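A closer look at the structure
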Amino acid sequence: MFYFLVITKIFKCSYDFRNSSFVVGTLLMRLALSSPPLMSPLMGLAAAVIILAVCPPVINAYNITQETKDIAFQLMYAISLMVVFQATQSMLTKGVLRNGGDTRFLMAADIVFMWVVSIPLGWLAGYVWYLSPFWIYVFLKLDYFIKTVWCTIRLKQKTWMHGVAEKSAKEA
């Protein structure tokens, strides 16, 4: 409760005890808008911690062989690693850059990184190199990491800002 009151003072908004879910959502939205490059990795880390915390009880709840449990743990560890990059690239690609009008760049990034990097490396990891499920999953999701780095660079260069409203006005 104390932290909500402190945050409300920082962001200059009121705290209404009767409508707390709206206020908490508003606070999270203001925090996300004040530092979007920082907020999405933090949310990804929070998701990773939740996945790691829930992983043992969920997997152990099933009556499966030890080998299956080991594979399930490997996959959960890989998911918890990649969810950080997934959260960041999702915010950058589906949120900031696409809304800035940089759709061609994002389409090229999605196609190239999936079909040239992730799928071939995932196939090589599984069928040629015979790597563990952890590494196969990481290679299949490697496009998240690459898009995170590439889109962060693009965000800092500010070449993604296109006058979407100006284009619409000129076309009409």
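An account of the accompanying structure is given in this report. (Residues numbered from 1 in each chain as written. Predicted model: local features only at pLDDT ≥ 70, side-chain atom pairs only at ≥ 80, totals over all residues. Heavy atoms only, no water.)

**Some remarks on the nonpolar core**
Rule in force here: For our purposes a nonpolar core is just a set of buried Ala, Val, Leu, Ile, Met, Phe, Trp, Tyr and Cys residues, chained together by side-chain atoms within 4.5 Å. Only protein chains enter the calculation, and the probe is 1.4 Å; a residue is then buried if its accessible area is under 20% of its type maximum, exposed if over 50%, and partly exposed in between. The way it works is that DSSP assigns letters per residue, a run of H or I at least four long becomes a helix, a run of E at least two long becomes a strand, and they are numbered from the N terminus. For this analysis, residues touch if any pair of their heavy atoms sits within 4.5 Å.
Counting residues in hydrophobic clusters, the biggest one holds eight residues: Met91, Leu92, Leu97, Phe105, Leu106, Cys151, Leu155 and Trp160. Looking at this core, the elements that each hand over two or more residues are α4 (66-99), α5 (103-128) and α7 (142-157). No other element matches α4, which puts three residues into this core. Excluding its chain neighbours within four sequence positions, the residues that come into contact with Phe105 are Leu97, Trp150, Cys151 and Arg154. One finds Ala109, Val117, Ala125 and Leu142 within the second-largest nonpolar core, a separate group that totals six residues.

**So, the side chain of Gln89**
Relative to the helices and strands, Gln89 is located in helix α4. The class for Gln89 is buried, based on a relative accessible area of 2%. Ignoring any residue separated from it by four or fewer positions in sequence, one finds Gln89 in contact with Lys94, Tyr144, Lys147 and Thr148.

**Here we look at unusual backbone geometry**
Glycine aside, a negative phi is what most residues show, and trans is what most peptide bonds show. In this structure, Tyr130 is a non-glycine residue whose phi angle is positive, near 50°. Here Tyr130 lies in the loop between α5 and α6 (133-140).

**Structural notes on α7**
Rule in force here: Between the first and last residue of a helix there are one fewer steps than residues, each counted as 1.5 Å, and that sum is the expected span.
The terminal C-alpha atoms of α7, which comprises 16 residues, lie 23 Å apart, in line with the 22 Å expected from a rise of 1.5 Å per residue. Residues Leu142, Asp143, Tyr144, Lys147, Thr148, Cys151, Arg154 and Leu155 constitute the buried set of α7.

**So, the pattern of salt bridges**
To be explicit about the condition: Basic side-chain nitrogens of Lys or Arg form a salt bridge, by our definition, when they fall within 4 Å of a carboxyl oxygen of Asp or Glu.
Evaluated as defined, the whole model comprises three salt bridges. Linking Arg154 and Asp102 is a salt bridge whose minimum nitrogen-to-oxygen distance equals 2.7 Å. Taken together, the residues span a long stretch of sequence, with Arg154 in helix α7 and Asp102 in the loop between α4 and α5 at a distance of 52 residues. Assessed through its relative accessible area of 4%, Asp102 is described here as buried. Lys147 is the partner of Asp110 in a salt bridge, and the nearest nitrogen-oxygen pair spans 2.7 Å.

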